[in-house]
Amino acid sequence: MDQRIFVQKKDRFQVESESLRDELISSLGLQPSFQVAKYNIYDVFNADENDLSLLKERVLSEVVTDKVFDTLNLEGKTYLAYEFLPGQYDQRADSAMQCLMLLNNKQSVRIHSGTLLVFENVTKEQIEQIEHYMINPVEARKKDLSILEDDQDIQIEDVPVIEGFCSMDIEALSNLLETLGLAMSLKDLAFIQDYFKNEEHRDPSMSEIRVLDTYWSDHCRHTTFETVLEDVRFEKGQFQEQIQNAYETYLKLREDVHQNRKPSTLMDMATIAGKKLRKEGKLDDLEVSDEINACSIEIKVDVDGKDEDYLLMFKNETHNHPTEIEPFGGASTCIGGAIRDPLSGRSYVYQAMRVSGAGDITKPIAQTLEHKLPQSKISKQAAHGYSSYGNQIGLATTFVEEIYDEGYTAKRMEVGAVVGAAPKSNVKREQPQPGDVIVLIGGATGRDGIGGATGSSKEHNDTSLEKCSSEVQKGNALIERKLQRLFRNPEATKLIKKANDFGAGGVSVAVGELADGLEIDLNVVPVKYEGLDGTELAISESQERMAVCIDPKDLEAFLEECRKENLSGVVVAKVTDSNRLIMKWNGKAIVDLSRDFLNTNGVRAHQKVDVKSEPEVQDPLHSSYSSLKDVLQDANVASQIGLAEMFDASIGKSTVLMPFGGKYQLTPEEGSVQKLPVFGMTNTCSAMSYGYDPKISTYSPYLGAAYSLVEALAKLVAMGVDYKGARLSNQEYFERLGNDPQKWGAPLQALFDRW
């Protein structure tokens, strides 16, 4: 039986409807007489009378606060109904299905949710404004209330072979690149053609092209940072001498560290100082392993008065593109993705910080750039997304700050940073051996996140908002919470030889990186719904999944630990000695690639660089303020306590400094300080802060980077930290560089601050 159910809050509990009414009046300039009534819609499929009764009385409503309707008379009324796009994760529906399953022990019932808004005192033009404001085409669509059907089931087609690929000329390859919307370059595609023509002697499958595009994307392989830099030139200007001297220092470091045996790249510049210190024995506490998802250092932690060996891991990452086009999902998976990196290292993540950048959030909606979401909406929904995820998973976020600058109007900045820790004895690092199995644990796979890696690596245009729906994955904090618990259990972690989190690239990258030889069975990958083809199963970035390498003799014991946390676990691959990545679907190998070819990461680009050292904007170090009042009215100076209060800073009982202190608890702290998550008492803490000023960085990337380090260290010192033990984790944020030598000069000089 299929049925639609409407649920509305009773009059005395219409808090959400009233809040939405005030928001629409304020944002869209509606009249005070405007009214809105909100209903939650649930489309229920394959249910019997008992299922429907349980849903109405015990799952979808509370008898004290809610009213339930089988039908609504909407004739003559003005309304707007909308729902998630097929393939997008629907947390409300998922939670409803899980709750029902606990009551009836059946998995056959499917639910889709939606929202109905019924309006009063509104014009046709205002309805269009509201529709544009409420429905983000990246994640949602208008809902037709005259239809009740389960449209998640899609006909599955075989993965096609790209016939004639090996015989295509350059023009045909260029057309294919554009038609498929690939992130790789034309040179990469020609390189692939040469491989299949001369080594495989066949045309590739669509899956192989998509996997290579994902595997070699900038997001997964840092191809921009690995570009070979040649003919670096320094233009005359105010900071030419300092910048050129820094570059000379880099060249000396290269000679000393690796005798110039490696090409000069942005990655080499970013890591050369650390390698120099390591060579001198000054970073001997750095844990070195093949698992490099997060930085890991060895520390001593006092537990009940005794020192124990611990691993402290930290990671920061951006989710600028996804948050720009789908703020809630983009920001929630920013913190989710940041968590999974140290989590895959078997550490327990207990500390978080959020730094974001936005344009003027006070501008009227009417002044929003074409093909962009309003700045105020992006900021609000992104804050809700990040805080919702962190609060649900149980992660203390004790430092939150948003930077306002017009430079972020074109593309938002969304940065998440986390710290995790684990007893060293709980973690082992071993190399996979032929015969070992790869277990996929955690959430199911859907279409959300497909193209996420390549999407963040491509140049976007005025259609991105409408066309990038699948690229933004939906977070499921509850599943990640279960993974947190599992990876804190030594009975489970001591059975893991190697682990990788599912981020960009899905199975193809998360599993594909674990060993040189792999045979993957895509048919066993758990799915959110039927209808996914082999390519989608291979590259979907669906969140909250882990791939772990297990010795076959330990498999059943590990799966039992997963079951204790109500986590599904399936053997998705076996390690082989073939030195090939093989992915099978419906009994056929849809991906069969040489590991040596995969590891080339495509054609290595070469780039000339022109370093500008003459600022083009006014010196920001000389204040333009005329009074203290002007300073206090600046958006970057005014209190952000309202934003910070959205984040739970007390989770886990580890917080040393609450976000706001002082006599009236209104003075913002300089950063985040937490006690380490030990089973017992400890006085060992970790502190985290940041430094950055967009105006200085606009004036000079070289000065901006240098000042960011000084500011970050100064904040740590102000919190009582010994700066000598600080570790710096830099996050570069620049426009797409293309082949413009001057654009390449900006990140290059920003890296010089490290020496």
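Residues numbered from 1 in each chain as written. Predicted model: local features only at pLDDT ≥ 70, side-chain atom pairs only at ≥ 80, totals over all residues. Heavy atoms only, no water.

The next subject is the overall build of the protein chain. Looking only at helices and strands, the protein chain has 26 helices and 24 strands in total. Referenced to the eigenvectors of the C-alpha coordinate spread, the extents of the protein chain come out at roughly 80 × 75 × 65 Å. Among the 755 residues that make up the protein chain, the fraction classed as buried is 53%. Intrachain contacts of the protein chain at a sequence separation of at least 6 include 79% that bridge at least 24 residues. Total accessible area computed for the protein chain in this model is approximately 34,700 Å², and 49% of it derives from carbon and sulfur atoms. Averaging the coordinates of the 83 positive side-chain charges in the protein chain and doing the same for the 119 negative ones gives two points 3 Å apart. (Helix = DSSP H or I, 4+ residues; strand = E, 2+ residues; numbered from the N terminus. Buried < 20%, exposed > 50% of the residue type's maximum accessible area, 1.4 Å probe, protein only. Contact = heavy atoms within 4.5 Å. Areas by Shrake-Rupley, 256 points an atom, 1.4 Å probe, with all protein chains shown as cover. Lys, Arg positive; Asp, Glu negative; His and termini not counted. Charge placed at Lys NZ, Arg CZ, Asp CG, Glu CD.)

Within the chain, asparagine 46 stands out as a residue other than glycine whose phi angle is a positive 60 degrees. With relative accessibility at 39%, the residue asparagine 46 sits in the partly exposed group. The backbone of aspartate 304 shows a phi angle near 55 degrees, a positive value even though the residue is not glycine. With respect to the helices and strands, the residue aspartate 304 is situated in the loop between β8 (295–303) and β9 (306–318).

Okay, the packing of aromatic side chains next. As enumerated under the stated definition, the model contains 14 aromatic pairs in all. Look at tyrosine 195 and phenylalanine 597: their rings are 3.8 Å apart centre to centre, the planes differ by 5 degrees, and that puts the pair in the stacked class. With a gap of 402 residues between them, tyrosine 195 in helix α6 (residues 186–200) and phenylalanine 597 in helix α21 (residues 595–598) connect regions that are remote in the sequence. The same class applies to tyrosine 195 as to phenylalanine 597, namely buried. Taken together through their ring pairs, the aromatic side chains of Phe191, Tyr195, Phe196, Trp216 and Phe597 make up a single cluster. Across the ring face of tyrosine 133, the terminal group of lysine 377 is positioned such that the distance to the ring centre comes to 5.0 Å. Note that lysine 715 overlies the ring of tyrosine 690, its terminal NZ or CZ placed 4.2 Å from the centroid. (Phe/Tyr/Trp six-rings, centres within 6.5 Å; stacked < 30°, edge-to-face > 60°. Lys NZ or Arg CZ within 6 Å of the ring centre and 35° of its normal.)

To continue, consider the environment of threonine 398. With respect to the secondary-structure elements, threonine 398 resides in strand β11 (residues 396–404). Along the primary structure threonine 398 and leucine 30 are separated by 368 residues, whereas in three dimensions their C-alpha atoms are 37 Å apart. When near neighbours in sequence (up to four residues on either side) are disregarded, threonine 398 contacts Ala352, Ala649, Thr655, Leu657, Pro659, Gly671, Ser672, Val673 and Gln674. A distance of 2.5 Å separates the side chain of threonine 398 from the side chain of serine 672, its partner in a polar contact. (Polar contact = N/O pair within 3.5 Å; in protein donor to acceptor, adjacent residues only side chain to side chain.)

Let's shift gears to the pattern of salt bridges. Evaluated as defined, the whole model comprises 51 salt bridges. Residues glutamate 287 and arginine 429 are paired through a salt bridge, measuring 2.9 Å at the closest nitrogen-oxygen approach. You can see glutamate 287 sitting in the loop between α10 (266–279) and β8 and its partner arginine 429 sitting in the loop between β12 (413–423) and β13 (437–442), a full 142 residues away along the chain. Relative accessible area serves as the criterion here: at 24%, arginine 429 is assigned to the partly exposed category. (Salt bridge = Lys/Arg side-chain N within 4 Å of Asp/Glu carboxyl O.)

The next subject is the nonpolar core. Among the nonpolar cores identified, the biggest contains 55 residues, and Phe165, Ile438, Val511, Ile520 and Leu522 are the most heavily contacted of them. Per element, the largest residue contribution to this core is five residues, and it comes from helix α7 (residues 206–215). Setting aside chain neighbours within four positions, we find isoleucine 438 in contact with Val511, Leu514, Leu518, Ala547, Val548, Cys549, Val570, Val571, Val572, Ala573 and Val575. Among the nonpolar cores identified, the runner-up in size contains 37 residues, and Ile393, Ile441, Ile479 and Leu555 belong to it. (Core = buried A, V, L, I, M, F, W, Y, C linked by side-chain atoms within 4.5 Å.)

At their nearest, the axes of helix α13 (residues 375–393) and helix α16 (residues 477–486) sit 8 Å apart, and the two run at 40 degrees to each other. The angle between α13 and α16 falls in the class oblique. When the axes of α13 and α16 are compared, the crossing they make is right-handed. Across from Tyr389, Gln392 and Ile393 in α13, the residues of α16 making contact are Ala477, Leu478, Glu480, Arg481 and Gln484. Its residues assigned to classes, the contact of α13 with α16 shows four nonpolar, two polar and two charged. (Axes fitted to C-alpha atoms, helices over the stretch in contact; angles between N-to-C directions. Parallel < 35°, antiparallel > 145°, perpendicular 65-115°, else oblique. Left-handed = near helix turned anticlockwise from the far one by under 90°. Nonpolar A, V, L, I, M, F, W, Y, C, P; charged D, E, K, R; others polar.)

Now for α10. A rise of 1.5 Å per residue sets the reference length of α10, with its 14 residues, at 20 Å; its end C-alpha atoms lie 20 Å apart and thus fit the reference within 8%. In this structure, the buried side of α10 is in contact with β7 (228–234), α9 (240–258) and α26 (741–750). Where α10 starts, the residue carrying a side-chain oxygen 3.3 Å from the main-chain nitrogen of methionine 267 turns out to be threonine 265. Phi for glycine 281, located one or two positions after α10, is positive at around 80 degrees. (Expected span 1.5 Å × (residues − 1).)

Before going further, it helps to examine the sheet that holds strand β18 (residues 580–585). Strand pairing in a sheet relies on backbone hydrogen bonds, with the paired strands running either antiparallel or parallel. Taken together, the seven strands give an open sheet; going across it, the order is β14-β16-β13-β17-β15-β18-β19, and neighbouring strands pair in mixed fashion. Bordering the open sheet on either side are β14 (496–501) and β19 (588–594), each of which pairs with just one other strand. Each neighbouring strand pair of the sheet contributes to a mean axis angle of 25 degrees, computed without reference to strand direction. Sheet topology places β18 next to β19; six bridges connect them, and they run antiparallel. By the bridge assignment, tryptophan 585 is partnered in β19 with lysine 588. Docked against the sheet, α7 engages β18 and β19, running at close to 45 degrees with respect to β19. (Pairing = 2+ DSSP bridges.)

What follows covers the packing of helix α1 (residues 15–28) against helix α4 (residues 124–134). The interhelical angle for the contact between α1 and α4, taken along N-to-C directions, is 110 degrees, at an axis separation of 11 Å. It follows that α1 is roughly perpendicular to α4 by the angle criterion. Seen from α1, the contacting residues are Leu20, Glu23, Leu24, Ser27 and Leu28; seen from α4, they are Gln129, Ile130, Tyr133 and Met134. When its residues are assigned to classes, the contact of α1 with α4 shows six nonpolar, two polar and one charged.

A few words on the side chain of lysine 482. Position of lysine 482 among the secondary structure elements: in helix α16. Although lysine 482 lies buried, it forms no salt bridge, and the closest oppositely charged side chain, glutamate 565, sits 7.9 Å away as judged by the N-O distance. If sequence neighbours within four positions are ignored, lysine 482 has contacts with Glu565, Asn566 and Leu567.

An order of β8-β9-β12-β10-β11 is seen for the five strands of this open sheet, with the pairing classed as mixed. The strands lining the two open edges of the sheet, one partner per strand, are β8 and β11. Taken pair by pair, the neighbouring strands of this sheet meet at an average axis angle of 20 degrees, ignoring direction. By the bridge criterion, eight bridges tie strand β10 (residues 348–358) to β11 in an arrangement that is parallel. Note that in β11 the partner of glycine 357 across the bridge is isoleucine 403. Together, β9, β10 and β12 form the strand contacts of helix α12 (residues 327–344), whose direction differs from that of β9 by roughly 145 degrees. Set on the sheet, α13 makes contact with β10, β11 and β12; between it and β10 the angle comes to about 180 degrees.

We now examine a nonpolar patch on the surface. Together, Tyr625, Leu628, Leu632 and Val637 make up an exposed nonpolar region whose accessible area comes to about 390 Å². Residue position: leucine 632 is located in helix α22 (residues 628–633). Given the relative accessible area of 52%, leucine 632 is considered exposed. (Patch = residues over 30% accessible without salt bridge, like charges linked within 9 Å, V, L, I, M, F, W, Y side chains within 5 Å.)

A few words now on a negative patch on the surface. Together, Asp194, Glu199, Asp516 and Asp596 give the surface a local cluster of negative charge. Inspection of the secondary structure assignment puts aspartate 516 in the loop between α18 (506–510) and β15 (518–521). Overall, aspartate 516 belongs to the partly exposed group, its relative accessible area being 47%.

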